[in-house]
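Here's the letter readout for the chains.
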Amino acid sequence: MTERPSGGIITGAAGGIGKALTLALAGAGFDLVATDLDQGGLDALVREADGLPGTVIGMAGDVRDRDLPLALRDRALTDFGGVGLLVNCSGFLKDSRIQKMPEALFRQLVDINLIGPLRLIEAIAPVMQMAGQGRILSIASRAWLGNFGSSGYSCAKGGIVGVTRALALALAPHGITVNCIAPGFIETPMARSLPPHILDRVLKAIPVGRAGTVDDIAALVLFLAGAGSGYITGQTLVACGGRSISNPIASS
Amino acid sequence: MTGRALVLVGNGLDTRDLAAALEPFGIALATIARGLRDSAPCDETRAVHPLSRSGPFDGVLLAPAFVDGPDGPTLDDLLDVLTSCFSCIKAAIASFEERAVAGRVIALLPGDATMGDPGDAINSALAGAMLSLFRTVALEMRSTPITVNTLVYAARAVDEPNAGGTVGDPEALASVIATLLGSGTRGINGQEIYALAGADVGRLHP
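Residues numbered from 1 in each chain as written. Chains lettered and ligands numbered in written order. Predicted model: local features only at pLDDT ≥ 70, side-chain atom pairs only at ≥ 80, totals over all residues.

A. Structural detail: the environment of Ala65 of chain B. Note on placement: Ala65 of chain B falls in the loop between β3 (59–62) and α2 (75–99). Distance in space between the C-alpha atoms of Ala65 of chain B and Gly10 of chain B is 7.6 Å, their sequence separation being 55 residues. (Helix = DSSP H or I, 4+ residues; strand = E, 2+ residues; numbered from the N terminus.)

B. Layout of the confidence of the model for chain B. Residue and element names in this part refer to chain B. When the pLDDT values of chain B are averaged, the result is 84; 80% of them are 70 or greater. Predicted confidence in chain B is weakest over strand β7 (residues 166–167), with a mean pLDDT of 56, and strongest over helix α4 (residues 121–140), with 97. Low confidence marks residues 38–47, where pLDDT is under 50. Its contacts with residues over four positions away, or in another chain, come to 21 contacts. pLDDT under 50 marks residues 161–165. Its contacts with residues more than four places away, or in other chains, come to 11 contacts. As a predicted assembly, this complex carries a pTM of 0.93 together with an ipTM value of 0.95. (pLDDT = per-residue confidence, 0-100. Contact = placed C-beta atoms within 7 Å.)

C. Up close: α4 of chain B. A rise of 1.5 Å per residue sets the reference length of α4 of chain B, with its 20 residues, at 28 Å; its end C-alpha atoms lie 29 Å apart and thus fit the reference within 8%. Of all 20 residues in α4 of chain B, 20 are buried; the element is thus mostly enclosed. (Expected span 1.5 Å × (residues − 1). Buried ≥ 20, exposed ≤ 12 C-beta atoms within 10 Å, placed from the backbone.)

D. Representation of the interface of chain A and chain B in the model. Taken residue by residue, the interface counts 35 residues in chain A and 34 residues in chain B. Put simply, the parts of the chain that give the side of chain A that touches chain B at least two residues each are α4 (103–131) and α5 (151–171) of chain A. Grouping the constituent residues of the side of chain A that touches chain B by class yields 18 nonpolar, 10 polar and 7 charged. (Nonpolar A, V, L, I, M, F, W, Y, C, P; charged D, E, K, R; others polar.)

Okay, structure coming up:
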């Protein structure tokens, strides 16, 4: 694994965490094909990345689109000559207790948060195998440990953790590492939209006393994408300010 | 404990011997024959869910797993099975609440896939997804008498054409299931029991 892989793909690139990851990776010299549903957000991201050491190409798409993975792969191969890094960062969250969650919503949550990333891995892993190197990173969630009201989201993220373990074992002989990061409460536009009393309750449950930042996650991704992490595979790194080892529900 | 009824849903486990192993515990096992993979996701309304045709039951065993075959499972299959499992849990909980039963929902997951099987990524994804789904539902059931737990069993492959994909040790499974079905286990909720005879020791659990 070289310090800068031949090219990379990142999904959910225009979102709160995805944008930070894209800019951090491009800042470190990674050339990326970045995708997101939000064309305007992608355009802004590409403009913001202009002048960074790495190149960012925007390519709008929906991770549920079966043609998207191969289109992203081909673009990276054409423009960068390979795909050494895949970062699955697309996500969709809508909570509801299981008794009130419609089956269609559950299916949508699993489709976007689990099946979409798996389609990407299915398309990209063979390219990495041929090259004999690669890094596959997926943004899971602390909800993988269980999260009230998040049956669909939690289920999907648990699937990511499960497949990460299996693929890490399968791809290790090919020089490919597979890991995921499970962020806790991260300060993003979505998080800031929470009602103040809920936000206060969540923050009280975080031992380090603050919400995480997108930079906290970017630092982890930069490490796992780089050459120094070659001995780490199949892991789920929980970045949650200690919430996963404390009582996740603070008393109100 | 006597006279308890369990319904097993899913095609991940050969249950021919499990029913016999449960009998000494006074537990009658019914099965819903259709595989979770083979049909469209269960209907939203419990009235048409297959569980509603099973008569009163005290617990549900959910055993999803893909069986090896000439055509491997696809990601579409994975989405269908997970959706079916969700609907099944939802229907079971609705039934328990309607009848005011301290019901038990137990996932049965094969050990290899749960711990991460390099040759079986889709079953590993399925197992990981089920673990997390059950953790979340357990949290949501915390203030009710319903419990939701996972039992990870040591699976061995079966070559017989009519068998399910894997067989756990029926007696070992039956004793744990009977314990979880007991009235004294209300405090056991959201747990994962690795009945792998120690094969998982020294490995990080997912």
